Amino acid sequence: MIKRLGRHPWVLSGVGTLLAAYLKLVRRTNRFVLDPPGIYDKTEPELPVIVAMWHGQHFMVPFAKPAEWQAKVMISRSADGEVNAIAARKLGLGLIRASGGRNARQIRKRGGMRGFIEALRALKDGYTIAMTADIPKGPARKSGVGIVQLAKHSGCPILPVAVATSRSIELNSWDKASVNLPFGRGSIAVGELIRVPAEAGDEELEVYRQQVEDSLNTVTTRAYELVGRVETSVP
């Protein structure tokens, strides 16, 4: 009964609404810096882009989006995903409900192909797409190839982004999620654009997949450095 109650739409809606309100509080009560300065002006001519982030470090990423950018975020269809989706909608983001997998069965179950097609259409319509590069349930901080495939077929570059705060709680989840806390300092670290050629084959895609992974790890480390911390939640 408790498990069913926890999945009730009213409960999920309430939790998602509270999450959005809490994240707004965190944003208002932390002094954020952007690194490198002027990165949004530099990126503007390249829009739309594919924003890459890590699971567990994603809660504050909606606030990294400039107000004038149209954006949609890809979120899984799980119960946890429903809470995140409600919060994202409250924060002004469009939604694509799907996630990737490590085999064909997982991709079908999670709506990965439908989400991929929807993301392609959204990019074509001018929406920036935000998505986690690693695949749900792990391994954490290991980029899948899906985000690279999306860049290849859309012609849009990948923009690695990480957000950190000086105060947070690290959860004992598969992705070692970091729950950001209010009343501190925050940072938004952005990497260089990663462009994937339309003619890239499997071996080249692996090179770009590794580039996304390395760049996300670099900006995550940088985001924590900017708030005076060492990121240790995931080895």
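Caption draft 1: A look at the overall build of the protein. Scanning the protein from N- to C-terminus turns up eight helices and nine strands. Put simply, of all contacts in the protein between residues at least 6 apart along the chain, 73% involve residues at least 24 apart. Taken as a whole, the protein presents about 12,000 Å² of accessible surface, with 57% of it coming from carbon and sulfur.

Caption draft 2: Up close: unusual backbone geometry. Here the amide bond leading from Asp35 into Pro36 is cis, since omega sits at 0°, within 30 degrees of zero. Along the chain, the position of Pro36 falls in the loop between strand S1 (30-35) and helix H3 (39-43). Cis peptide bonds are those with omega within 30 degrees of zero, and the linkage from Leu47 to Pro48 qualifies with 0°. In this fold, Pro48 is placed in the loop between H3 and strand S2 (50-53).

Caption draft 3: Examining the environment of Phe116 more closely. Positionally, Phe116 belongs in helix H6 (residues 112-124). Taking the C-alpha atoms as reference points, Phe116 and Ser99, separated by 17 residues in sequence, lie 8.8 Å from one another.

Caption draft 4: Examining the nonpolar core more closely. Within the largest apolar cluster, 34 residues are counted, with the highest numbers of intra-cluster contacts made by Val73, Val161, Val163 and Ile188. Within the residue set of this core, elements represented by two or more residues are helix H2 (9-29), H3, S2, strand S3 (71-75), helix H4 (79-90), strand S6 (158-165) and strand S9 (184-190). With near-sequence residues (within four places) excluded, Val73 lies in contact with Met53, Ala88, Leu93, Gly94, Leu95, Ile96 and Ala130. Core analysis: the next-biggest nonpolar cluster, separate from the first, contains 32 residues, Ile50, Met131, Ile194 and Ala200 among them.

Cut-off values and rules
- Residues numbered from 1 in each chain as written.
- Predicted model: local features only at pLDDT ≥ 70, side-chain atom pairs only at ≥ 80, totals over all residues.
- Heavy atoms only, no water.
- Helix = DSSP H or I, 4+ residues; strand = E, 2+ residues; numbered from the N terminus.
- Contact = heavy atoms within 4.5 Å.
- Areas by Shrake-Rupley, 256 points an atom, 1.4 Å probe, with all protein chains shown as cover.
- Core = buried A, V, L, I, M, F, W, Y, C linked by side-chain atoms within 4.5 Å.
- Buried < 20%, exposed > 50% of the residue type's maximum accessible area, 1.4 Å probe, protein only.

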